[in-house]
Amino acid sequence: MIAVSRCLIGENCTYAGKNNLCKEIKELYDQGLALPLCPEVLGGLPIPRTSCEVTGEKVIDQKGIDRTKEYTQGAKIALDKCLEKNIKIAVLKAKSPSCGKNHIYDGTFSHQLVEGDGIFVQMLKEKGIAVYSENEVTEVLKLINGGK
Ligand code: SF4
């Protein structure tokens, strides 16, 4: 079992009420091999919602409202679900302020990327869970198949 961003299985849970369907991830989910999680919704944020970006230690929405609490709480709930299932691998949506790995938007809402991890990814990495983006799904499929 791996953890995946819920929007990658085609669920309309993004801030815009859309999804980021990734066919390979959806297939893993259909086979019962993927646990879909949306930390932002788990943190109590609605669909749709105002987009947010990470700024330093905080998460601020485009209207200037501090959403750090919701992001942190949701990521903790999602992390606990991963730990309960003894998950070691996660495939998460690139660039998201929750799910983005290595590169996220810079907090200015101007589509500029900076080095850094989303809030959920930071927590997963602290627990030693390997994080991949959907762009690396082929690599993950090889790992899973090699482990059979
Ligand atoms: S928080 Fe993660 S799972 Fe939820 S919509 Fe954003 S990228 Fe997808």
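Refer to the structure presented above.
The written sequence of each chain sets the order in which its residues are numbered from 1. Local features in this predicted model are restricted to residues of pLDDT 70 or higher, and side-chain atom pairs are both shown and tallied only at a pLDDT of 80 or more, whereas totals for entire chains, interfaces and linings draw on every residue. To get the side-chain values, all heavy atoms of the structure are used, and hydrogens and water are removed first.

Some points on unusual backbone geometry
Put simply, Ile47 and Pro48 share a cis peptide bond, and its omega is -10 degrees. In this structure, Asn86 takes a positive phi of about 55 degrees despite not being glycine. Working definition: helices are DSSP H or I runs of at least four residues, strands are E runs of at least two. Numbering for both runs from the N terminus. The residue Asn86 is located in the loop between α3 (68–84) and β5 (89–92) in this model.

Looking at the environment of Glu27
With respect to the element layout, Glu27 can be found in helix α1 (residues 23–30). For Glu27, a relative accessible area of 39% translates into the label partly exposed. Three labels apply to residues, based on accessible area from a 1.4 Å probe with only protein chains included: buried if under 20% of the type maximum, exposed if over 50%, partly exposed otherwise in between.

Regarding the site of the ligand
Only a single heavy atom is needed: when it lies within 4 Å of a molecule or strand, its residue is near that molecule or strand. In the vicinity of the ligand there are 14 residues, among which Cys7, Cys13, Cys38, Glu40 and Cys99 approach most closely. Gly is put with the polar residues, along with every residue not named as nonpolar or charged; the nonpolar set is Ala, Val, Leu, Ile, Met, Phe, Trp, Tyr, Cys and Pro, and the charged set is Asp, Glu, Lys and Arg. For the shell around the ligand, the class distribution of residues is 6 nonpolar, 4 polar and 4 charged.

Looking at the nonpolar core
Put simply, buried Ala, Val, Leu, Ile, Met, Phe, Trp, Tyr and Cys residues joined by side-chain atoms within 4.5 Å make one nonpolar core. Counting 24 residues, the largest nonpolar core has Leu37, Cys82, Leu92, Ile119, Phe120 and Leu124 as its most contacted members. Listed by contribution, the elements that provide at least two residues to this core are β2 (34–37), β3 (52–55), α3, β5 and α4 (119–126). We call two residues in contact when some of their heavy atoms are within 4.5 Å. When near neighbours in sequence (up to four residues on either side) are disregarded, Leu124 contacts Leu79, Cys82, Ala90, Leu92, Ile129 and Val131. Counting 13 residues, the second-largest nonpolar core is a separate cluster that includes Leu8, Cys22, Val91 and Val137.

Structural notes on the environment of Leu45
Within the fold, Leu45 resides in the loop between α2 (39–42) and β3. A residue is classified by how much of its surface remains accessible, and Leu45, at 9% relative accessible area, is buried. Taking the C-alpha atoms as reference points, Leu45 and Gly74, separated by 29 residues in sequence, lie 8.9 Å from one another.

In short, geometric facts, not functional conclusions.
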